[in-house]
Amino acid sequence: MIHLHRLSSPSTAQQELAKLHHALNSWGCFQAINHGMKSSFLDKMRQVSKQFFQLPKEEKQKCAREREPNNIEGYDNDIIYSENQRLDWTDRVYLKVLPEDQRKFKFWPQNPNDFSYTFLSPPTLNECSFLHEEYCPTVYRKYKAETEVIIKAMTNSLNLEEDCFLNECGERDVMFLRFNYYPPCPMPDHVLGLKPHADGSTITFLLQDKLVQGLQGLKYDQWFKVPIILDALVINVGDQTEILSNGIFRSPIHRAVINSEKERLTVAIFCLADSEKEIKPVKNYSEIYFQYYHQGKRPIEASKI
Ligand SMILES: O=C(O)CCC(=O)C(=O)O
Ligand SMILES: [Fe+2]
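Remember, it's a predicted structure, so these values are computed and weren't measured experimentally.

### Things to note about the overall build of the chain
Helix and strand counts for the chain come out as 10 helices and 12 strands. In summary, the chain has a C-alpha radius of gyration of 19 Å against a globular reference of 19 Å for 305 residues, a match within 12%. Here the C-alpha coordinates of the chain stretch approximately 50 × 45 × 40 Å along the principal axes. With 305 residues in all, the chain has 52% of them scored as buried. Counting every atom, the chain has about 15,000 Å² of accessible surface; 51% of that belongs to carbon and sulfur. Taken as two groups, the 37 positive and 40 negative side-chain charges of the chain have centres that lie 3 Å from each other.

### Considerations on the coordination of the iron ion (ligand 2)
Coordination of the iron ion (ligand 2) by the protein involves His197 (NE2), Asp199 (OD) and His254 (NE2), with metal-donor separations of 2.1 to 2.2 Å. Donor residues for the iron ion (ligand 2), ordered by position in the chain, follow H-x1-D-x54-H. With histidine 197 in strand 6 (residues 194-197) and histidine 254 in strand 11 (residues 254-256), the pair connects residues that are 57 residues apart, well separated along the chain. Of the two residues, histidine 197 and histidine 254, both sit in the buried class.

### So, the nonpolar core
Among the nonpolar cores identified, the biggest contains 56 residues, and Phe30, Met37, Phe119, Tyr140, Tyr143 and Phe179 are the most heavily contacted of them. Beyond its immediate sequence surroundings of up to four residues, tyrosine 143 is in contact with Met37, Met45, Met175, Phe205, Leu233 and Ile269. Among the nonpolar cores identified, the runner-up in size contains 11 residues, and Ile72, Val226, Val234 and Ala268 belong to it.

### What to know about the site of ligand 1
Looking at ligand 1, there are 13 residues lining it, with Asn180, Tyr182, His254, Arg264 and Thr266 nearest. One of the side-chain N or O atoms of aspartate 199 is found 3.2 Å from an oxygen atom in ligand 1. Between an oxygen atom of ligand 1 and a side-chain N or O atom of arginine 264, the distance comes to 2.8 Å. Expressed as a share of its isolated accessible area of 300 Å², the protein-covered part of ligand 1 is 99%. Broken down by element, the shell around ligand 1 gets its largest block of residues, 4 residues, from strand 12 (residues 264-272).

### Some thoughts on the UniProt feature "domain: Fe2OG dioxygenase" (unreviewed entry) in the chain
Taking the numbering used here, the UniProt-annotated feature "domain: Fe2OG dioxygenase" (unreviewed entry) corresponds to residues 173-273. End C-alpha to end C-alpha, residues 173-273 measures 6 Å, and it is 6% helix and 44% strand.

Analysis parameters
- Residues numbered from 1 in each chain as written.
- Chains lettered and ligands numbered in written order.
- Predicted model: local features only at pLDDT ≥ 70, side-chain atom pairs only at ≥ 80, totals over all residues.
- Heavy atoms only, no water.
- Helix = DSSP H or I, 4+ residues; strand = E, 2+ residues; numbered from the N terminus.
- Rg over C-alpha atoms; globule rule 2.2 N^0.38 Å.
- Buried < 20%, exposed > 50% of the residue type's maximum accessible area, 1.4 Å probe, protein only.
- Areas by Shrake-Rupley, 256 points an atom, 1.4 Å probe, with all protein chains shown as cover.
- Lys, Arg positive; Asp, Glu negative; His and termini not counted.
- Charge placed at Lys NZ, Arg CZ, Asp CG, Glu CD.
- Donors = N, O, S within 2.8 Å, 3.2 Å for Na, K, Ca; no water.
- Core = buried A, V, L, I, M, F, W, Y, C linked by side-chain atoms within 4.5 Å.
- Contact = heavy atoms within 4.5 Å.
- Near = heavy atom within 4 Å.
- Polar contact = N/O pair within 3.5 Å; in protein donor to acceptor, adjacent residues only side chain to side chain.
- UniProt positions renumbered as here; feature names shortened; annotations may be inferred.

Right, dumping it as structure tokens:
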């Protein structure tokens, strides 16, 4: 468990950095507390998202994904790549939040009517304590700042120049929100909520369901349950960082299992490099990601030098 606030405060950073290095080297993920977002704000995010998924199908279809190549935004479940592909037991919404000028509002739910407001308006003092320290027009600036702290900590631990990964990521950060809703399933042992994968991001922030556990990480060929820690965000290294570090920092394989009686909702925030930048040494990373995902393969296999 890492106190994010301590990472950026000079008197406590050293001790927290040691914990961060250990977590990233051993698991590639950690639980972050003291991230500044208050419990009530996290609850609000969960609540409006769940309200959307509980709407009738016709209502949700209003922001359905348009089935055109390279569009992942909107309401949908798995994109079908092949006939015998096994589908996940999930409903999801993907939305691009950064760069701001690339937001496609036709995919943003209008119902519940405070959905966009919750995810796009500047946070208030009741919602986020970090406003005391800095002006933050959106929470995404905060995620970006945290991502930078974590990536710098990684390069420091490799004795590399602090900004070298960040420079590779470029100026125009990309950020996606993904809302994962897992309805109860009568046969939870036969199907997964989300099949084993690693994220295609530099860093991912995951807000877990408050009550229902389901996230599992793979280590030593075994699946480990990721515990629910009140108000913590799960943060993990993604493929882009794995590729930048030539595989030294592993992007952890994880999956979501489902429940026979209870629904489960999570919100993932994927931070990605500028899409114009080539994540070396991989070419066309975004194209190979989904192709590899559905074959159960890892993009690092195509990219190692
Ligand atoms: O819902 C979960 O627990 C995992 C979500 C996840 O891994 C993802 O959205 O990439
Ligand atoms: Fe994931």
